[in-house]
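Now for the letters of each chain:
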Amino acid sequence: GYWYFKDKRLNVFAAVDFAFSMRKTADYNAIVVIGVDSGGNIYVLDIDRFKSDRVIDYFKAISSLHSKWKFNKLQAEISVAQKVIVNEIKSYVKRDGLNLSVIEYRPSFKEGSKEERIAVALEHKYEDYKIWHFEGGHTASLEEELVLARPSHDDIKDALASAVTIAVPPAKSMSSS
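Figured I'd write up the structure that's included with this text. Every residue gets a number counted from 1 within its own chain, in the order that chain's sequence is written. In keeping with the model being predicted, local features are shown solely for residues with a pLDDT of at least 70 and side-chain atom pairs are shown and tallied solely at 80 or more, while totals for entire chains, interfaces and linings include all residues. For side-chain calculations, the full set of non-hydrogen atoms in the structure is used, while hydrogens and water are omitted.

Before going further, it helps to examine the pattern of salt bridges. When a carboxyl oxygen of Asp or Glu lies within 4 Å of a side-chain nitrogen of Lys or Arg, that pair is called a salt bridge. Using the criterion set out here, one finds nine salt bridges in the structure. For Asp 155, the salt bridge is made with Arg 49, and the minimal N-O distance between the two is 3.1 Å. In this pair, Asp 155 sits in helix α5 (residues 155-166) while Arg 49 sits in strand β4 (residues 42-50), placing the two residues 106 residues apart along the sequence. Between buried and exposed lies partly exposed: a residue is buried under 20% and exposed over 50% of the maximum accessible area for its type, with that area taken using a 1.4 Å probe on protein chains only. Under the relative-accessibility criterion, Arg 49 is labelled buried at 15%. Strands are runs of DSSP state E lasting at least 2 residues, helices are runs of H or I lasting at least 4, and numbering of each runs from the N terminus.

Below, the structure is given as structure tokens:
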């Protein structure tokens, strides 16, 4: 029932970034799953990125990742229409009996712009070599979003930053010293 990296237990969390538009140039919906160990190292475990405007598609993607990784907390940024989407996802979670808490996050203007919030959550962790990526999947897209000053999309790094803000490391144990 637990995930480990080498001999360190990981607590697993996820976050979703919803896209508002289905235009070809619009952002994608992105879900990022991370694990954090007792040393505060963060491991990007999985990334799902897709276009859809149907709540059932969002839920199916969340449910699939939940089935694989068993995270107990998913953070979802809410604003205007996203509140309706999150409420519907919560009803699907309840209906299907998933052991999953969907945390609503409404950014405040006091936290700065979206770019500033992402930078606060991620920059110092990357500078301290505390975030690790897997090879393959949408990792190349994440890395492109991280290195470009103005990437065409920021959905994955936004979801990553959101997941990092709710991640709590497991208590240190004898095997993780």
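Quick look at the packing of aromatic side chains now. In this scheme Phe, Tyr and Trp rings, the latter by its six-membered ring, pair at centre separations within 6.5 Å, and the angle between planes marks the pair as stacked below 30 degrees, edge-to-face above 60, and tilted otherwise. According to the stated counting rule, one finds five aromatic pairs in the structure shown. Between Phe 18 and Tyr 58, the aromatic rings sit 5.1 Å apart at their centres with planes inclined by 50 degrees, giving tilted as the arrangement. You can see Phe 18 sitting in the loop between β2 (8-17) and β3 (29-36) and its partner Tyr 58 sitting in helix α1 (residues 55-69), a full 40 residues away along the chain. Both residues of the pair, Phe 18 and Tyr 58, count as buried. The interplanar angle of 25 degrees and the centroid separation of 5.1 Å between the aromatic rings of Phe 59 and Tyr 92 together place this pair among those described as stacked. Taken as a pair, Phe 59 in helix α1 and Tyr 92 in helix α2 (residues 82-96) lie far apart in primary sequence, 33 residues in all. Residue Phe 59 is classed as buried on the basis of its relative accessible area of 3%. Here the aromatic cluster, defined as three or more aromatic residues joined through ring pairs, consists of Phe 18, Phe 50 and Tyr 58. Taking NZ or CZ as reference, Lys 51 lies 4.8 Å from the ring centre of Tyr 28, over its face. To sit over a ring, a charge needs its Lys NZ or Arg CZ within 6 Å of the ring centre and within 35 degrees of the ring normal.

To get an axis, a line is fitted to the C-alpha atoms, and for a helix only the part in contact is used. The angle between two axes follows their N-to-C directions and goes from 0 to 180 degrees. For the pair helix α4 (residues 139-147) and α5, interaxial distance at closest approach is 8 Å and the crossing angle is 90 degrees. Relative to α5, α4 is oriented roughly perpendicular. Across the interface between the two elements, Ser 141, Leu 142, Glu 145 and Leu 146 of α4 pack against Asp 155, Ile 156, Lys 157 and Leu 160 of α5. Amino acids outside the nonpolar list (Ala, Val, Leu, Ile, Met, Phe, Trp, Tyr, Cys, Pro) and the charged list (Asp, Glu, Lys, Arg) are all regarded as polar, and Gly is one of them. By residue class, the composition of the contact of α4 with α5 is four nonpolar, one polar and three charged. Orientation is classified from the angle alone, with under 35 degrees giving roughly parallel, over 145 giving roughly antiparallel, 65 to 115 giving roughly perpendicular, and any other angle giving oblique. Throughout, a contact is declared for two residues whenever any of their heavy atoms are within 4.5 Å.

Now for the packing of α1 against α2. Two quantities define a packed helix pair, namely the angle between the axes and the distance from one axis to the other. Look at α1 against α2: their axes get within 10 Å of each other, and the N-to-C directions meet at 55 degrees. When the axes of α1 and α2 are compared, the pair comes out oblique. Between α1 and α2 lies a crossing whose hand is right-handed. Residues Val 55, Ile 56, Tyr 58, Phe 59 and Ile 62 of α1 form the contact with α2, whose participating residues are Ile 85, Glu 88, Ile 89, Tyr 92, Val 93, Arg 95 and Asp 96. We call a crossing left-handed when the near helix sits turned anticlockwise from the far one by less than a right angle, and right-handed when that turn is clockwise.

Each residue after the first adds 1.5 Å to the expected span of a helix. A rise of 1.5 Å per residue sets the reference length of helix α3 (residues 114-127), with its 14 residues, at 20 Å; its end C-alpha atoms lie 20 Å apart and thus fit the reference within 8%. Remark: the principal bend of α3, roughly 35 degrees, maps to Val 120. Buried within α3 are the following residues: Arg 117, Ile 118, Ala 121 and Leu 122. Just beyond α3, the residue with positive phi is Tyr 129, at close to 55 degrees. Fitting axes to the seven residues that end at a residue and to the seven that start at it, the angle between those axes gives the bend at that residue.

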